[in-house]
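As a plain string of letters, each chain reads:
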Amino acid sequence: MPNHASRRTLLTVAAVAAVTAAGAACASVGPDRDPGGPVPDDPRPGDRAPGRTPAPRVRPRETMARMSLAELVGQLFVSRAYGHSATEPDPGDAALNQQLFGVRTPAELVARYHLGGIVYFGWAHNTRSPRQIAELSTGLQRAATDSGAGIPLLLSIDQEHGAVARVGRPATLLPGAMALGALTLGTGGSTAEARRAARIAGAELAAMGIRHNYAPVADVNTDPANPVIGVRSFGADPQAVAALVAAQIRGYQGAGVAATAKHFPGHGDTGTDSHVGLPLMTHTRARWEELDEPPFRAAVEAGVDVVMTAHIVFPALDPSGDPATLSRPIVTGILRERLGFRGVVVTDALDMAGVRQKYGDDRVPVLALKAGCDQLLNPPDLGLAVRSVLAAVESGELTRARIEESVLRILELKARRGLFDAPTQDAARAMDTVDAAVGIPAHLAAAGEIADRTTTLLANPVGLLPLDPADRPLLLVTGTDPVSPTGTTGPPTAVLARELSALGCRATALPPARAVAAAPGNAAVLVCTYNVPEGESPQRELVTGLLATGVPVVLVAIRNPYDPARLPACAAELATYTWTDVELRAAARVVTGTVRPTGRLPVPVPGRYPLGHGLAYG
């Protein structure tokens, strides 16, 4: 008993504590300090980041030898858990945990199933604020290291920034992938700002105890109608995407956070959302090698910790009809053997429709492991999934050696990210860590500077822009107001109007129903559009009505830049790629000439603008 307690002391981890030194260093990543800031590049296996107190080395193989089969299998699973607290969730969240998992609290869930990881979601009430997240992380790590084999959790999240972000203000929100693609083209191919953005994002995640981010997206977006990737991709050019993927991997992992290249073998040319259906990729093998492979190859060469699979059928790579997540020819044959990837392969979420159409929920986890996957993300029925894997080992369909192969990779990843190194940390110290690294002025200023270089001026035929704020122009702002990705910013039209007014204009935001009647008398109308569909639509009707008033119309495409091709030409057209505050404020600065537009389209807009298009002010 004393020996067991001593071993747990060595393994005890609060992931928040692991970043006290690194998080403080990352906090100083300012506008002039990338790529040469104080954050070290990603330590390779066996290395230790400077400033970290030496701790006994973890020997994964020896650790596994002491683990029961149930503990080994538990390490394969990354599950959701409901609640803002590890031990005291709200009653509704406790009831959900009880209904779905047979336990009341996230801490009990971790202990019961010996989980390898927890994934945070806003809808699971995990992400109220950075301080709350840090406290949740600390509580979950205590639950993990005080039970079973005493192995720390790999806490993960989808914090891509831009269109997908789970943590909002007061954390720093940065431009998303396609916006960074626009910036990179505008700077002649430099990826320094993309790396800088990832280092800032990684520093803030690490301070909250999150050591695994499901980013960057390595998909090459070639289908304007893609319903699930779009602006989450860096663009349509595979070599440019590859360079940006590598840059962000180095940024995240330099900040101590495992990066994830997704969605292998490539989800950029699909018209189906794998959350609700099973996409079919029609590329030939040669086309895949030319278009989809380069970013993933670059990710592997950059030392990416994790690759996530896609729930897509790709007949040219595997004619069986199995989704890639369950395909041994794809996961083992291509990712492992062709690309030489030796890290952790995580499935995309197993509750998505794309992976559940051909096989039952009891078979999917087993088949994913047989294909070569290591981590099984968010199965719809965790208990069933765990029992199915245990039964497959007992029947001989899976061997203990196969399970240990994946667990070894997972433990090595946890060791590489410092999760075995840190002592237990109390809540007060965790809060200090958050306050020192999350949403600090240097990060917020850097986010604004990066955003200023992403806005793309697509059209300005009559020289309407820039509008001179010294003239105090009367402006109307209207259009679509989608909910913020984080729920903590917006609405877009109000943010844009406020920033224009702060810059000296007289701007008012009005809903579309009132905008046409209110347009006369304004110097210009700015209309925010969001994923305009082909053909007639309320957004097209609004733009047409505003143009009929004779008032100059400035089109601001606040998500996909394809909107201008589906609308009448306007006096000026801009693309922001994201509708979070940081991008909208940058757009206002471009409109007023406070900042000159430098972004270039990282995707072509069919029928209107080629890849690389972008205007500047004379």
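Just so it is clear, the model here is predicted, and its values are computed rather than measured.

### A word on the overall build of the protein chain
Along the protein chain, the regular secondary structure elements total 22 helices and 16 strands. Counting all 618 residues of the protein chain, 63% fall into the buried class. Expressed as a percentage of contacts within the protein chain between residues at least 6 apart in sequence, the contacts between residues at least 24 apart total 77%. Accessible surface for the protein chain amounts to roughly 20700 Å². Of this, 53% is attributable to carbon and sulfur atoms.

### Remarks on the pairing of strand β8 (residues 306–309)
A regular strand carries its side chains on alternate faces of the sheet. In β8, alternate side chains face the same way, and those of Val306 and Met308 on one face and Val307 and Thr309 on the other are all buried. Examined bridge by bridge, strand β7 (residues 260–264) and β8 share four bridges and lie parallel to one another. Residue pairing across strands places phenylalanine 264 opposite threonine 309, the latter belonging to β8. Sheet topology note: the β8/strand β9 (residues 344–346) ladder contains three bridges and is parallel. Residue pairing in the sheet places valine 306 in a bridge with valine 344 of β9. Note that the unit made of β8, helix α13 (residues 328–338) and β9 has a crossover that is right-handed.

### Brief notes about empty space enclosed by the protein
One pass over the full model with this rule turns up seven cavities of 30 Å³ or more. Taken as a whole, the largest cavity spans an internal volume of roughly 80 Å³. If you go around the largest cavity, the residues you meet are Met67, Glu71, Gln75, Val110, His114, Leu115, Ala144, Ser147, Gly148, Ala149, Gly150 and Ile151. When its residues are assigned to classes, the lining of the largest cavity shows six nonpolar, five polar and one charged.

### Some details on the packing of helix α7 (residues 130–145) against helix α17 (residues 427–437)
Relative to each other, α7 and α17 sit at 135°, their axes nearing to 9 Å. Relative to α17, the element α7 is oriented oblique. Considering the relative orientation of α7 and α17, their crossing is right-handed. For the pair α7 and α17, contact is made by Pro130, Arg131, Ala134, Glu135 and Thr138 and by Ala430, Met431, Val434 and Asp435, respectively. Taken together, the residues that form the contact of α7 with α17 break down as five nonpolar, one polar and three charged.

### Regarding the side chain of threonine 325
Looking at where threonine 325 falls in the secondary structure, it is placed in the loop between β8 and α13. At 3.2 Å, the side chain of threonine 325 forms a polar contact with the backbone oxygen of alanine 310. What threonine 325 contacts, discounting residues up to four positions off in sequence, is Thr309, Ala310, His311, Val331, Thr347, Leu350, Val355, Ala368, Ala371 and Cys373.

### A short note on the packing of helix α9 (residues 192–207) against helix α18 (residues 441–452)
Between α9 and α18, the least distance of the axes is 11 Å, while the angle of their chain directions is 150°. On the basis of the axis angle, α9 is roughly antiparallel to α18. Handedness of the crossing formed by α9 with α18: left-handed. Here α9 contributes Glu193, Arg196, Ala197, Ile200, Ala203 and Glu204 to the contact with α18, which in turn contributes His443, Ala446, Glu449 and Ile450.

### Structural notes on the environment of leucine 510
Within the secondary structure layout, leucine 510 lies in the loop between β13 (506–509) and α20 (512–518). Spatially, the C-alpha atoms of leucine 510 and valine 477 are 6.3 Å apart, while their sequence positions differ by 33 residues.

About the criteria used
Each chain carries its own residue numbering, running from 1 in the written order of its sequence. Reporting in this predicted model follows two pLDDT cut-offs: at least 70 for local features of residues, and 80 or more for side-chain atom pairs to be given and counted; totals over whole chains, interfaces and linings ignore these cut-offs and use all residues. Side-chain measures here rest on the full set of heavy atoms in the structure, leaving out hydrogens and waters. Helix numbers and strand numbers start at the N terminus; a helix is a DSSP run of H or I with at least 4 residues, a strand a run of E with at least 2. Exposure classes here rest on a 1.4 Å probe applied to the protein chains alone. A residue is buried below 20% of its type maximum, exposed above 50%, and partly exposed in between. Residues count as neighbours in contact if any of their non-hydrogen atoms are within 4.5 Å of one another. Here the accessible surface of atoms and residues is derived via Shrake-Rupley with a 1.4 Å probe, and residues count as covered only by protein chains that are part of the display. We treat two strands as partners when DSSP finds at least two bridges between them. Place the viewer so that the strands point away; then a crossover is right-handed whenever the path from the first strand over the helix to the second strand goes clockwise. Whether a set of points on the 1 Å grid over the protein atoms alone is a cavity depends on a 1.4 Å probe fitting there but being unable to get out, while an open set qualifies as a pocket with protein on both sides within 12 Å along at least five of seven lines; lining residues are those with an atom within 4 Å of a point. Grid points are joined across faces, edges and corners, and a volume is the space filled by probe spheres set on the points. Under the scheme applied here, ten amino acids are nonpolar (Ala, Val, Leu, Ile, Met, Phe, Trp, Tyr, Cys and Pro), four are charged (Asp, Glu, Lys and Arg), and all others, including Gly, are polar. Note on definitions: angles span 0 to 180 degrees between N-to-C directions of axes, and those axes are lines fitted to C-alpha atoms, for helices only across the stretch in contact. An angle below 35 degrees is treated as roughly parallel, one above 145 as roughly antiparallel, one from 65 to 115 as roughly perpendicular, and anything else as oblique. Left-handed describes a crossing whose near helix is turned anticlockwise from the far helix through less than a right angle; right-handed describes the clockwise counterpart. Within 3.5 Å is the distance limit for a polar contact, defined as a pair of N or O atoms, with the added protein rule that one can donate a hydrogen and the other accept it, and that residues adjacent in sequence qualify only through two side-chain atoms.

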